[in-house]
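# Architecture at a glance
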Amino acid sequence: MKKILVVEDEKNIILSLEMFIKKKGFEVHVVKNGVDAVKLAQEIIPDLILLDIVLPGMNGYLVCEALKDEDETKEIPIVFISAKSQEEDIKKAYDCGGVDYVIKPFNHSEIQEILNKYL
Amino acid sequence: MKNRSVKFKILSVLILIFILLSANSIWSIINFNRLSDSIENIMQSNYRSIEAAQSMTVAIERQDSAELAQMFSDKDTTSNSFRENEVEFLRNLSRAEDNITEEGEEEILKRINSLYIDYVDKYSVLVEIQNSEGSNAAKEYYYNEILPLFEETKEETRKLLALNQQGMITRKDRAHDISTSATFSTMLISLLTIIIGVVLSIYLTKKIVKPIRNLIDKIKKIAEGDYKQQLDISGNDEIARLAKEFNTMTQKLRSYELLNIKKLMEEKQKADAIVESISDGIIVTNDEHKLLLVNRAAEKAFNIREREALNKHFLEVINREDIFKIIEKTKDKKPTDEYKKYLDISLSVEDKTEHYRLNIRPITTKEGENIGVVTLMQNITKLKEVDQIKSDFVSTVSHEFRTPLTSIIMGVGLLLDEVPGPINEEQKELVEAIEEDSERLKKLVSDLLDLSRMESGKIKMDIERNNIRDILNNAVKPFKRQLEEKDVDLEIKIRDNLSNVKADFNKISWVFTNLIGNALRYLPDEKEGKIIIDAKETANKMLVSVADNGKGISEEYQQKIFEKFIQAKDNDNKGGTGLGLAISKEIINAHGGEIWVNSKIGEGSTFYFTLNLG
């Protein structure tokens, strides 16, 4: 079973994301801050990471960079999910190694597309 | 002549010339008379004496003949002839005696007289000798006594003749002299008259013309606005009176002018005070871009002094090419022309950054002539600050909306897909309503964010040369199905060979999308919808129009619809966010274009926007 790591600090978003991804038949792991995200990713080596940018402690960009720096985790596709919609934010996400960027608010079809694309 | 009138002066000169002419005439008459007397004199003095002398010669010769005849023929006839000629001789002698004119003439006549008496006496002796002693004795007596006497008498009469002839020549010469001197003297007097006449005329003309010239010069100066001119008044003639009136007139003009100037100064000071007190900056430049006015607010904004800046070129005082460029372009614009009238600038004033909106307009006279440019500086620092706060607020709020919206949209989506489990029809209906409105909320948030970014200039325009037709085709694509469903006729009139425009492809495409979406949203239900899109080239702009036959927009909303959150009232909510036109306006303005609408209720609306040609 493919593993998806969701890094998100909003519990209501976690609720619907987790439910949707589980229903689609994937294993979901959720962490609410950047430090935990890096730790868990190195531990379980997920097949896809959905990564928020604004997080307590370490932000999404730093998480992305940290994962790309490690050989074990650098191949994992990272898709940013964020309310930030300005060009420079999106550019930064791609620059640090993100493969895609989904702007909040998104709906489940957009998530479905991402799952189809990277898994 | 100094105190006399011009009339008197002219008359005096004319009379003087007339007197001279009269003198000349009198002199000529005198000379004529002298000449005539001289000729008469010749007649009287000599001609008669000459005639008498000749007659005496004839008479005595005849007497001599009579004496010769006496000695050879009849006594009586010869004696008669002698006596007759004696009378003739004496008559002429007395005529000559009455007309003694020449020196020595009297002596000659006295001698003739005594000789002739002797001659006549000797004739009587001859007659007696003839009668008594016969012809031979008579002949002897004649040759010895009478003939020498006859010759002598004749000689004297010849002398008389010669004397008088000589006198005649003398008198003729004198007459000639008189006529010559008369000619010269008359010529002299005439010349004198002419010279005096000319001199007097010149003097008089100068006398009259000089003050008139003076007057003309002064009047010219007055015409140029110098009312201080005064004429020197001397004398009492007409010109002096004119000068006096002239001086009175200039004094009145001057006091009138001073009064006017005073009034004008007061008005100007009032106007100046008003202009100075206006809190917005005002800069006025003339048609050569020289500064005519800089009020206090403008002085402060640019840190310049009006006194030092006046009459200098704009750029010499204010080193802002961007402002000057607009002023230069504005100079020749008509009030109806479309052009960029505003410029927002930031200036550092007393260590603070102040923002100004410059409103630059031509100064046009009533006759339609442009005489300069007025630049109004509206301080929009406060507005900008408020706007920034508002933008930040809107940006923050809409950003903060996104997270809760994500869970709502996700949750609703999952419910409708029955991921957690099946739902009944009523539940489904409710959830669908939630989905629709959350999508609207999503669009609103996204539009708000776009707009606030656009307003703060955070969104950069990617302006390239583009074909307007290509942009439109891109914008129309997503509407294909909607147009077919609603049975709306979309007509694109844009020609293929139009020039390119300078445009950000995606942003202008967005504007088209928005305008077409609006048109579709407000199309009438009762008649067939029609949308016409056209583009025309003007001098340096592309004018694009999107026309519909919808319900139209009332006049009060035609300006407002380009503001945020304004939707024309009296229509049901058709699902717009009220931000589309505001964003369109921001996009078009960022392209240096304008956007506006013409509309009539019930007939439809036409939206226009302009883009620069590429």
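Refer to the structure above for everything that follows.
Note that this is a predicted model, so its numbers are computed, not measured.

### Description of the overall build of chain A
For chain A, the count of helices and strands is five helices and five strands. Listing each helix as α and each strand as β along chain A from the N terminus yields β-α-β-α-β-α-β-α-β-α. Within the span of chain A, comprising 119 residues, buried residues form 50% of the whole. Pairs at least 24 apart in sequence give 60% of the contacts found in chain A among residues at least 6 apart.

### Describing the pairing of strand β4 (residues 78–82) of chain A
Residues and elements named next belong to chain A. Here β4 lies mainly inside the structure; five of its five residues are buried. With burial as the criterion, each face of β4 is covered, one bearing I78, F80 and S82 and the other bearing V79 and I81. Pairing of strand β3 (residues 48–51) with β4, which is carried by three bridges, proceeds in the parallel orientation. Directly across from L50, in β4, lies its bridge partner V79. For the handedness criterion, the β-α-β arrangement of β3, helix α3 (residues 60–69) and β4 is classed as right-handed. Inspection of the sheet shows β4 paired to strand β5 (residues 100–103) by four bridges, in the parallel sense.

### Thoughts on the state of the cysteines
Residue and element names in this part refer to chain A. Tallied over the entire structure, the rule returns zero disulfides over all chains. Looking at C96, it has no disulfide partner, and the nearest cysteine sulfur is the one in C64, 3.4 Å off. Overall, the relative accessible area of 11% leaves C96 in the buried class.

### Things to note about the nonpolar core
Residue and element names in this part refer to chain B. Residues I468, I508, F512, I531 and F609 are the most contacted members of the largest nonpolar core, which totals 47 residues. When residues in this core are grouped by element, the largest group, seven residues, is from helix α14 (residues 505–521). Each of two domains, domain 3 (380–459) and domain 4 (462–614), supplies a minimum of three residues to this core. When residues no more than four places from it in sequence are discounted, the contact partners of I468 are I494, L498, V501, F512, A535, V544 and L611. Judged by nonpolar contacts, the second largest core, of 31 residues, contains A66, L109, V120 and I146.

### A word on the pattern of salt bridges
Per the counting criterion, the structure on display carries 29 salt bridges over all chains. The residue K104(A) makes a salt bridge to E8(A) at a minimum N-O spacing of 2.9 Å. Taken together, the residues K104(A) in the loop between β5 and α5 (108–118) and E8(A) in the loop between β1 (3–7) and α1 (11–23) connect sequence positions 96 residues apart. Here K104(A) and E8(A) have matching classes, each one buried. Between E491(B) and K530(B) there is a salt bridge, and its shortest N-O distance comes to 3.4 Å. Taken as a pair, E491(B) in strand β7 (residues 489–492) and K530(B) in strand β9 (residues 530–537) lie far apart in primary sequence, 39 residues in all.

### Overview of the sheet that holds strand β10 (residues 541–548) of chain B
Residues and elements named next belong to chain B. Within the open sheet, the five strands sit side by side as β7-β9-β10-β12-β11. Their pairing is mixed. Two strands in the sheet have a free side with no partner beyond their single neighbour: β7 and β11 (595–600). On average, adjacent strands in this sheet sit at an angle of 15 degrees to one another, irrespective of strand direction. Pairing analysis gives six bridges linking β11 to strand β12 (residues 604–612), with the strands arranged antiparallel. By the bridge assignment for β12, V597 is matched with F607. Contacts between α14 and the sheet are confined to β9, β10 and β12, with β12 contributing the most and set at about 175 degrees to the helix. Strands β11 and β12 of the sheet are contacted by helix α16 (residues 580–590), whose axis makes an angle of about 25 degrees with β12.

### A few points about the interface of chain A and chain B
Facing the 20 residues of chain A at the interface are 19 residues of chain B. The junction of chain A with chain B conceals about 1800 Å² of combined surface from both sides, 64% of it contributed by carbon and sulfur atoms. Among the salt bridges present, the one from K442(B) reaches E110(A), with a minimum N-O distance of 3.7 Å. Of all the secondary-structure elements, those providing two or more residues to the side of chain A that touches chain B are α1 and α5 of chain A. By residue class, the composition of the side of chain A that touches chain B is nine nonpolar, six polar and five charged.

### Overview of the packing of aromatic side chains
Residues and elements named next belong to chain B. A full pass over the atoms with the stated rule returns twelve aromatic pairs over all chains. Arranged with centres 3.6 Å apart and planes meeting at 10 degrees, the rings of F82 and Y123 form a pair that is stacked. Of the two residues, F82 sits in helix α2 (residues 75–98) while Y123 sits in helix α3 (residues 105–133), which places them 41 residues apart along the sequence. For the residue pair F82 and Y123, the accessibility class agrees, reading buried in each case. For the pair F562 and F607, a centre-to-centre distance of 6.2 Å together with 75 degrees between the ring planes defines the contact as edge-to-face. Of the two residues, F562 sits in the loop between α15 (555–560) and α16 while F607 sits in strand β12, which places them 45 residues apart along the sequence. For F607, a relative accessible area of 7% puts it in the buried group.

### With respect to the environment of T353(B)
Inspection of the secondary structure assignment puts T353(B) in strand β4 (residues 352–364). In sequence terms T353(B) and T381(B) are 28 residues apart; their C-alpha atoms lie 8.1 Å from each other.

### Concerning unusual backbone geometry
For the peptide bond that leads from K104(A) to P105(A), omega is -5 degrees, which places it in the cis range. One non-glycine residue with positive phi stands out, namely N311(B), at about 65 degrees. Within the secondary structure, N311(B) sits in the loop between α7 (306–309) and α8 (314–317).

### Concerning the environment of V30(A)
Residue and element names in this part refer to chain A. Within the element layout of this structure, V30 appears in strand β2 (residues 27–31). With relative accessibility at 29%, the residue V30 sits in the partly exposed group. In sequence terms V30 and V6 are 24 residues apart; their C-alpha atoms lie 4.8 Å from each other. Setting aside anything within four residues of it in sequence, one finds V30 in contact with V6, I14 and E18.

Quick notes on the rules
- Residues numbered from 1 in each chain as written.
- Chains lettered and ligands numbered in written order.
- Predicted model: local features only at pLDDT ≥ 70, side-chain atom pairs only at ≥ 80, totals over all residues.
- Heavy atoms only, no water.
- Helix = DSSP H or I, 4+ residues; strand = E, 2+ residues; numbered from the N terminus.
- Buried < 20%, exposed > 50% of the residue type's maximum accessible area, 1.4 Å probe, protein only.
- Contact = heavy atoms within 4.5 Å.
- Pairing = 2+ DSSP bridges.
- Right-handed = clockwise from strand over helix to strand, strands pointing away.
- Disulfide = S-S within 2.5 Å.
- Core = buried A, V, L, I, M, F, W, Y, C linked by side-chain atoms within 4.5 Å.
- Domains from an automatic or database assignment.
- Salt bridge = Lys/Arg side-chain N within 4 Å of Asp/Glu carboxyl O.
- Axes fitted to C-alpha atoms, helices over the stretch in contact; angles between N-to-C directions.
- Buried area = accessible area lost by both parts, 1.4 Å probe.
- Nonpolar A, V, L, I, M, F, W, Y, C, P; charged D, E, K, R; others polar.
- Phe/Tyr/Trp six-rings, centres within 6.5 Å; stacked < 30°, edge-to-face > 60°.

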